[in-house]
Every structure is written in C-alpha cells, then in structure tokens.
Amino acid sequence: MYINHQVVFNVLAKDLKNAQELVEIARDRVLVGVMVKDFPTEGAAIQLIKEFKENSIPVSVGLGAGDPTMWRKVATVSVATLPNHINQIFPATGYTLGRMEQSTGKAPMINALVEPTGIPGKVYIATGPISSAYRESVTCELAAVMIAELGIPSVKFYSIEGDKRLDELAAMTKAASKAGIKIIEPTGGITLDNVHKVVQICLENGAEIVIPHLYTSIIDKDTGETKPSVLKQLVEMVW
C-alpha cells in the first residue's frame, strides 16, 4: 500500500512541473489528483496519468466534484494506468476492485464515497448516477460494514462543507474504525484554516490514516497552480 503516514494530502496540480514541486516538498505524504471529468476522453486522462507516473508522481484518479456519471470512466482509466489511489462512488467500488484485480492482478487503494444526511449517525450510500435520486439514509454502522464486506479500505466523506459537518464526520469515522476500516477521507471545503480541526476529529474517532482533500482552497487564482508554500505548511503541522 502506498500510504505510510498518519496524514496524507490529496491535492491537484496544474501540470507536471507543479506536480513535481509538490512531491519534492511532501514526498510520500501527497497524492496528486487527476479528475477524469476534466478530460474530453479517457485516452487524454490516461496520457497525463502515464506521464505523471513516469516522473514518479503518486496519482489519485478522481471523478471530478463527486460526479457520479464519471464512475465507469474512473474504472477504465484506472485499469489502464494502475494509479496509487482511486476515488469511487459507493455502488461502483466492488466493480472497480474486481476489474483492477482481474485486469492487473493488483488493487490500489480505493475509497467508497458516502454523503452526509444532516443527521449524525446517518449517511447516504446511494451515490450513483441513478441511485442518488433516492434520499434514503442508512446508519453509519451499516454503511461501514458493507464497505468492509466489499474489501474497500477507505471511506470518502463528501461533502463536509468546510467544518459544518464534524459531528457527522466523527460518527462515520467511528463506525468505520469499528468495522475495521482505518482510512477516512474528508473532502469538501477544507482549507488551511480548518484542516487541522477536521483531521483531528478523524484521528480522535479511530482513524489511523486521514487523507484530507484540499483543492481550490490552496490553488493560486492567478497561475492555476497549487501553492507549494501552502503544502509545506500542511506537512509541517503536528497532530
């Protein structure tokens, strides 16, 4: 497994140069996200990921703003590139894991996306393009056990809306830990100002590895690059 640290940051990069700057600072405490939604074809995404991998950039293949219609594109691109990390909607995680194991003989870290409901202890697992129309909640405990049964090692909790849903994040993390899932990935509105609080909540509730996703909040609006100086601040934080 790629992840060897308690806290690893999932960020974006404008291009290869920016990605290399980020990896130089954070080493193996960073994953560089490639959102398949941003590419007109699977081939275009595959080309960039292969370029990243040839330059030792650890890649996280993502949907793009949690877009459920991108789930098959994520799976296909991942099979073709064998990234370090895969973001996936809950209903497609088993499919993606099966394709990876059958096609490549390997399974990178895959997360299962669940959504908060506004009620601590309850989440939505119907995060697919059709199922997401049904706003029927399940307990965090049931969601966690189902994810564990699928062999998925990580829960992606989207969106935490900055730090507005910390009680819900805590409940999901606690349930995941109880089910044997030790990795939690909070995302949605995380900034340099609130990331410590968000990560600490996860660690206090049983997570052994936390992968906060920080995207637009640490991108330079003028250049479009993720700021290496901000990533440096992140990796220097003490938990």
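Computed from a predicted model, the values in this text were never measured in an experiment.

S.K.: Which residues make up the overall build of the protein chain, and what are the values?
M.R.: Looking only at helices and strands, the protein chain features 8 helices and 10 strands. Scaling as 2.2 N^0.38, a compact globule of 239 residues should have a C-alpha radius of gyration of about 18 Å, and the protein chain matches this with 16 Å. Burial analysis of the protein chain (239 residues in total) assigns 54% to the buried set. Counting only carbon and sulfur atoms, one obtains 51% of the accessible surface of the protein chain, whose full area is about 10,300 Å².

S.K.: Explain the packing of helix α5 (residues 140-149) against helix α6 (residues 166-178) residue by residue, including any values.
M.R.: Between α5 and α6, whose axes approach to 8 Å, the crossing angle comes to 45°. As judged from the angle between their axes, α5 and α6 are oblique. α5 and α6 meet at a crossing whose hand is right-handed. Every residue of α6 that contacts α5 at Cys-140, Glu-141, Ala-143 and Ala-144 is listed here: Ala-171, Met-172, Ala-175 and Ala-176. Considered class by class, the residues forming the contact of α5 with α6 number 7 nonpolar, no polar and 1 charged.

What counts, and at which threshold
Residues numbered from 1 in each chain as written. Predicted model: local features only at pLDDT ≥ 70, side-chain atom pairs only at ≥ 80, totals over all residues. Heavy atoms only, no water. Helix = DSSP H or I, 4+ residues; strand = E, 2+ residues; numbered from the N terminus. Rg over C-alpha atoms; globule rule 2.2 N^0.38 Å. Buried < 20%, exposed > 50% of the residue type's maximum accessible area, 1.4 Å probe, protein only. Areas by Shrake-Rupley, 256 points an atom, 1.4 Å probe, with all protein chains shown as cover. Axes fitted to C-alpha atoms, helices over the stretch in contact; angles between N-to-C directions. Parallel < 35°, antiparallel > 145°, perpendicular 65-115°, else oblique. Left-handed = near helix turned anticlockwise from the far one by under 90°. Contact = heavy atoms within 4.5 Å. Nonpolar A, V, L, I, M, F, W, Y, C, P; charged D, E, K, R; others polar.

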